[in-house]
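Listed here are the chains, written in short residue letters.
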Amino acid sequence: MDQHSPARADEFEDSIDLFDVVLTLAENIKLLLLGPLIAGALVYGLTFLLPQKFQSTAVLRSEAEVASYMTTAAVLDASLANLGFLKDLSEEEAEEARIDLTQRITTQVGRNDKLVTLHVIADSPGVAQSIANEILKNTFAGLRPKGAELKRLETQKTALEQQISELLTTSKKAQKLLDESSPAGDNGLLAESISSLSEGGIRMQETLLKVEKKIEGLTTEDLLQSPTLPKRPAAPRKGLTAILSAVGIGFLLLVFVLVRHFWITANTLEPQRHRLDALKRTYGLGR
């Protein structure tokens with residue numbers, strides 16, 4: 001007896017099963033091709049019935065905490081109130097409006113550049129831009145120094161201005177002494193003092209600018225990109241939705257065809273030669 005006959009029998013059975021699956025796919029080729037195409041076309045048409053959403057985008061040079069503050073209740077409530085969205089609403093309805101606005105807002109912080117990007121989605125381009133502008137305005141106002149912090153910064157600013165003024169006066173006196181001194185004299189120490197005073201003045205000026213910026217807070221000058229007025233809707237994405245629907249329907253049809261095939265063949269065994277002949281007659285592939 002041939003020792004390889006069991007292995008050959010297994011290989012033959014596997015080839016028969018594979019051929020059986022191929023025959024099944026060929027018998028249902030129209031369904032597998034036309035089904036996804038028709039489904040994708042229908043979904044594409046239905047997307048025109050869905051409401052359009054527009055996205056306004058702003059980019060701000062700031063810190064990560066600013067992005068978090070943009071979505072706080074203080075900013076959102078003030079923005080909704082200024083735009084008139086809370087007029088004649090109860091507290092519960094106002095809360096729902098704020099929750100809805102929270103879902104329409106996304107913020108991102110650049111990992112390398114530390115830029116804050118604000119995205120606002122609304123039913124129309126103008127509304128999206130208006131909401132973004134209000135959020136920025138209320139964010140700027142809310143983060144501006146107030147009370148004790150503002151007083152501390154103003155005191156620091158006054159002290160720095162006085163120190164810079166005194167340093168400038170001292171530097172002028174030293175420069176006058178250097179100009180009036182004899183060229184043959186040893187003026188190295190005086191020149192070094194003037195240089196040191198100049199460097200100290202520059203550092204104080206830089207510190208003063210930072211303090212003044214903190215007092216001023218964020219302004220429109222920190223915007224690298226003001227809220228945009230979108231021209232095209234951000235959603236729904238008609239083409240992508242149709243493609244994903246076609247792929248999904250195609251996969252489901254394929255599963256359906258294979259499951260139905262295995263269910264039928266588990267109970268009956270139709271000769272594959274007859275099925276192949278039927279396919280040839282159907283597509284005119286020969287006798």
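Look up: the structure comes first, before these words.
The rules behind each value
- Residue positions are given per chain, counted from 1 along the sequence in the order it is written.
- This being a predicted model, a pLDDT of at least 70 is required before a residue's local features are given, and a value of 80 or more before pairs of side-chain atoms are given or counted; all residues contribute to the totals for chains, interfaces and linings.
- Heavy atoms from the whole structure form the basis of all side-chain values; hydrogens and water molecules are not counted.
- Strands are runs of DSSP state E lasting at least two residues, helices are runs of H or I lasting at least four, and both sets are numbered from the N terminus onward.
- Type-normalised accessible area, obtained with a 1.4 Å probe on protein chains alone, sets the label of each residue: buried when under 20%, exposed when over 50%, and partly exposed for intermediate values.
- A contact between two residues is defined here by any heavy atoms of the two lying within 4.5 Å.
- To define axes, lines are fitted to C-alpha atoms, for helices over the stretch in contact only, and angles between the resulting N-to-C directions are given on a 0 to 180 degree scale.
- When describing relative orientation, an angle under 35 degrees is termed roughly parallel and one over 145 degrees roughly antiparallel, while 65 to 115 degrees is termed roughly perpendicular and anything else oblique.
- For a crossing to be left-handed, the near helix must be turned anticlockwise from the far one by less than a right angle; the clockwise case is right-handed.
- Exposure above 30% relative accessible area and the lack of any salt bridge qualify a residue for a patch; like charges then connect within 9 Å, and the nonpolar side chains Val, Leu, Ile, Met, Phe, Trp and Tyr within 5 Å.
- For accessible areas, the Shrake-Rupley method is used with a probe of radius 1.4 Å. Any residue's cover is judged against the shown protein chains and nothing else.
- We define a salt bridge as a contact between a side-chain nitrogen of Lys or Arg and a carboxyl oxygen of Asp or Glu at a distance within 4 Å.
- One requirement defines pairing of two strands: DSSP has to find at least two bridges between them.
- What the arc measures is the spread of directions leading from the helix axis to the C-beta atoms.

**Q** Which residues make up the overall build of the chain, and what are the values?
**A** A tally of regular secondary structure across the chain gives 10 helices and 4 strands. Scanning the chain from its N terminus toward the C terminus, one meets helices and strands in the order α-α-β-α-α-α-β-β-α-α-α-β-α-α. Residues classed as buried in the chain amount to 28% of the 287 residues present. For the chain, contacts bridging at least 24 residues in sequence account for 79% of all contacts bridging at least 6.

**Q** Quick rundown of the packing of helix H4 (residues 73-82) against helix H6 (residues 125-143)? Include the residues and the values.
**A** Viewed as axis vectors pointing N to C, H4 and H6 meet at an angle of 125°, and their least axial separation amounts to 9 Å. Accordingly, the angle class assigned to the pair H4 and H6 is oblique. Taken as a pair, H4 and H6 cross one another with a handedness that is right-handed. Residues Val-75, Leu-76, Ala-78, Ser-79 and Asn-82 of H4 pack against Glu-134, Ile-135, Lys-137, Asn-138 and Thr-139 of H6.

**Q** Go over unusual backbone geometry with me, naming the residues and quoting the values.
**A** Among all residues except glycine, the phi angle is most often negative; among peptide bonds, the trans geometry is most common. Within the chain, Asp-88 stands out as a residue other than glycine whose phi angle is a positive 65°. As for its position among the elements, Asp-88 is in the loop between H4 and helix H5 (91-104). Non-glycine residue Lys-114 carries a positive phi angle of around 60°. Within the fold, Lys-114 resides in the loop between strand E2 (105-109) and strand E3 (115-122).

**Q** Any details on a nonpolar patch on the surface? Residues and values, ideally.
**A** A cluster of nonpolar side chains, namely Ile-29, Leu-33, Leu-34, Leu-37, Ile-38 and Leu-42, defines an oily patch on the protein surface of about 590 Å² accessible area. With respect to the helices and strands, the residue Ile-29 is situated in helix H2 (residues 29-47). Taking the relative accessible area as the measure of exposure, Ile-29 reaches 33% and is therefore partly exposed.

**Q** Pulling in residues and values, what's your account of the environment of Pro-145?
**A** With respect to the secondary-structure elements, Pro-145 resides in the loop between H6 and helix H7 (147-180). In the structure, Pro-145 is positioned 71 residues away from Glu-216 in sequence and 7.9 Å away in space, judged by C-alpha atoms. Apart from the residues within four sequence positions on either side, Pro-145 is in contact with Leu-150, Leu-153, Lys-214 and Ile-215.

**Q** Which residues make up the sheet that holds strand E4 (residues 223-225), and what are the values?
**A** If you walk across this open sheet you meet the 4 strands as E2-E3-E1-E4, and the pairing is antiparallel. Every interior strand has two partners, whereas the edge strands, E2 and E4, have only one. Within the sheet, the average angular offset between the axes of one strand and its neighbour, ignoring direction, is 25°. Direction of pairing for E2 relative to E3: antiparallel, over a ladder of 5 bridges. Counted as the bridge partner of Val-109 is Val-116 from E3. This element, H5, spans E2 and E3 of the sheet and lies at about 45° to E2.

**Q** So, H4: which residues are in play, and what are the values?
**A** Among all positions in H4, only Val-75, Leu-76, Ser-79 and Leu-80 are buried. Taken down its axis, H4 places every buried residue within 125° of arc, on the same side. Among the structural elements, helix H3 (64-69), H5, E2 and H6 are those in contact with the buried residues of H4. Backbone geometry just after H4 places Gly-84 at a positive phi near 85°.

**Q** Just give me the short version of the pattern of salt bridges, but keep the residues and values in it.
**A** Considering all chains together, one arrives at 7 salt bridges under this definition. A salt bridge links Asp-123 to Lys-53; the shortest N-O distance between them is 2.6 Å. Of this pair, Asp-123 sits in the loop between E3 and H6 while Lys-53 sits in the loop between H2 and strand E1 (54-61), and the two are 70 residues apart along the sequence. According to the relative accessible area criterion, Asp-123 is partly exposed, its value standing at 48%. Here Glu-134 makes a salt bridge to Lys-137, at a shortest N to O gap of 3.2 Å.

**Q** Run through the pairing of E1, naming residues and quoting values.
**A** Every regular strand shows the same layout, with side chains that alternate between the two sheet faces. For E1, the buried fraction is high: 6 of the 8 residues fall into the buried class. The sheet contact formed by E1 and E3 spans 8 bridges and is antiparallel. Within the sheet, the bridge partner assigned to Thr-57 lies in E3 and is His-119. Here E1 pairs with E4 via 2 bridges, running antiparallel. Bridge pairing in E4 links Val-59 to Gln-225.

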